[in-house]
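Below, each chain spelled out in residue letters.
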Amino acid sequence: MNFGHRLHNYCKPLFIQKYLRFVQKNTRYSMGSNQIGQVQLEIQKKLQESFAPTVLQVVNESYKHAVPSGSETHFKVLVVSEAFKGKPAIQRHRSVNTVLEKELSGPVHALSIQAKTPEQWEKSDQVIGDTPPCLGGSKHKK
């Protein structure tokens, strides 16, 4: 994938260029044509700027739901950051929700959050967990 048509490398600091290359290699795509949409890019940018995570994964899971192809309505995020040290899970989730307030009040219908400290991540299996299957909408027979 080439971000050249949207983001020009010459006007971004080197760390952003490296981050975008990392995201390209380490993000599972779900928009049908290996593209990251604008909403997903904005989520990644805001989480990166707010939490300076050591690990960040943003997965568009809209394809699992009864929405048009290419939608950006359902996301799963994994954020591993020192900023979460000493905070309970509910406070971590609230801080992520606050950062993504605009997206959650607009195009994003559902957000699954895994917020961990680097120590928790190191002790875990280092895999972003599965989200439960969609039980609503018209994609699944009842």
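Sequence order sets the numbering: in each chain, residues are counted from 1 along the sequence as written. Where totals are concerned, whole chains, interfaces and linings use all residues; where local detail is concerned, this predicted model gives features only for residues with pLDDT of at least 70, and gives and counts side-chain atom pairs only at 80 or more. The basis for every side-chain value is the complete set of non-hydrogen atoms in the structure, without hydrogens or water.

The name recorded for the protein in an unreviewed UniProt entry is BolA-like protein 1, from Phallusia mammillata. UniProt positions are given in the numbering used here, feature names are shortened, and annotations may be inferred rather than shown by experiment. Comment text from UniProt for the protein, heading Sequence similarities (unreviewed entry), reads "Belongs to the BolA/IbaG family." UniProt, in its Function (unreviewed entry) section for the protein, records the words "Acts as a mitochondrial iron-sulfur (Fe-S) cluster assembly factor that facilitates (Fe-S) cluster insertion into a subset of mitochondrial proteins. Probably acts together with the monothiol glutaredoxin GLRX5. May protect cells against oxidative stress."

**Some words on the overall build of the protein**
Runs of E in the DSSP output that reach at least two residues are strands. Runs of H or I that reach at least four are helices, and both are numbered from the N terminus. If you tally the helices and strands in the protein, you get 5 helices and 3 strands. Here the protein, with 142 residues, has 39% of them falling under the buried criterion. Any pair of residues with heavy atoms lying within 4.5 Å of one another is described as a contacting pair. Put simply, of all contacts in the protein between residues at least 6 apart along the chain, 63% involve residues at least 24 apart. Burial classes: relative accessible area under 20% of the type maximum marks a residue as buried, over 50% as exposed, and values in between as partly exposed (1.4 Å probe, protein chains only).

**Details of the packing of aromatic side chains**
What characterises a pair of aromatic rings is the spacing of the ring centres plus the angle enclosed by the ring planes. Only Phe, Tyr and Trp rings take part, Trp by its six-membered ring, and two of them pair if their centres are within 6.5 Å. Stacked means planes under 30 degrees apart, edge-to-face means over 60, and tilted covers everything else. Applying the stated criterion to the full structure yields 1 aromatic pair. Where Phe51 meets Phe84, the ring centres are 5.1 Å apart and the plane angle is 40°; that geometry is what we call tilted. Taken together, the positions of Phe51 in helix α2 (residues 38-51) and Phe84 in the loop between β2 (74-80) and α3 (89-99) put the pair 33 residues apart, joining distant regions of the chain. Residue Phe51 shares its accessibility class with Phe84, and that shared class is buried.

**As for the environment of Val127**
As for its placement among the helices and strands, Val127 is situated in the segment after α5 (118-123). The sequence separation of Val127 and Leu78 amounts to 49 residues, and the corresponding C-alpha distance is 9.2 Å.

**Let's talk about the packing of α2 against α3**
Contact pair α2 / α3: the axes reach a minimum separation of 10 Å and the direction vectors enclose 125°. By the criterion of interaxial angle, the relationship of α2 to α3 is oblique. For the pair α2 and α3, the crossing hand works out as right-handed. Between α2 and α3, the contacting residues are Lys46, Leu47, Ser50 and Phe51 on the first element and Ser95, Val96 and Val99 on the second. Following the grouping adopted for this structure description, the nonpolar residues are Ala, Val, Leu, Ile, Met, Phe, Trp, Tyr, Cys and Pro, the charged ones are Asp, Glu, Lys and Arg, and the polar ones are all others, Gly among them. The residue inventory of the contact of α2 with α3, partitioned by class, reads 4 nonpolar, 2 polar and 1 charged. With axes taken as lines fitted to C-alpha atoms, and helix axes fitted only over the stretch in contact, angles between N-to-C directions fall between 0 and 180 degrees. Throughout, the term roughly parallel applies to angles under 35 degrees, roughly antiparallel to angles over 145, roughly perpendicular to angles from 65 to 115, and oblique to all others. Helix crossings are classified by the rotation of the near helix relative to the far one: an anticlockwise turn of less than a right angle makes the crossing left-handed, while a clockwise turn makes it right-handed.

**Quick look at unusual backbone geometry**
Located in the positive-phi region is Ala52, a residue other than glycine, with phi close to 45°. With respect to the helices and strands, Ala52 occurs in the loop between α2 and β1 (55-60).

**Focus on the pattern of salt bridges**
Whenever a carboxyl oxygen of Asp or Glu lies within 4 Å of a side-chain nitrogen of Lys or Arg, that contact is scored as a salt bridge. As enumerated under the stated definition, the model contains 5 salt bridges in all. A salt bridge links Lys64 to Glu61, with the nearest nitrogen and oxygen atoms 3.3 Å apart. With a relative accessible area of 5%, Glu61 lands in the buried category. Across the pair Lys85 and Glu119 runs a salt bridge whose closest N-O atoms are separated by 3.2 Å.

**Considering the environment of Lys116**
Note that Lys116 resides in strand β3 (residues 110-116). On the basis of relative accessible area, Lys116 is assigned to the partly exposed category, the value being 22%. Distance from Lys116 to Ala83, taken between C-alpha atoms, is 9.2 Å for residues 33 residues apart in sequence. Those residues in contact with Lys116, other than ones at most four positions away along the chain, are Leu78, Val79, Val80, Ser81, Phe84, Arg92, Trp121 and Ser124.

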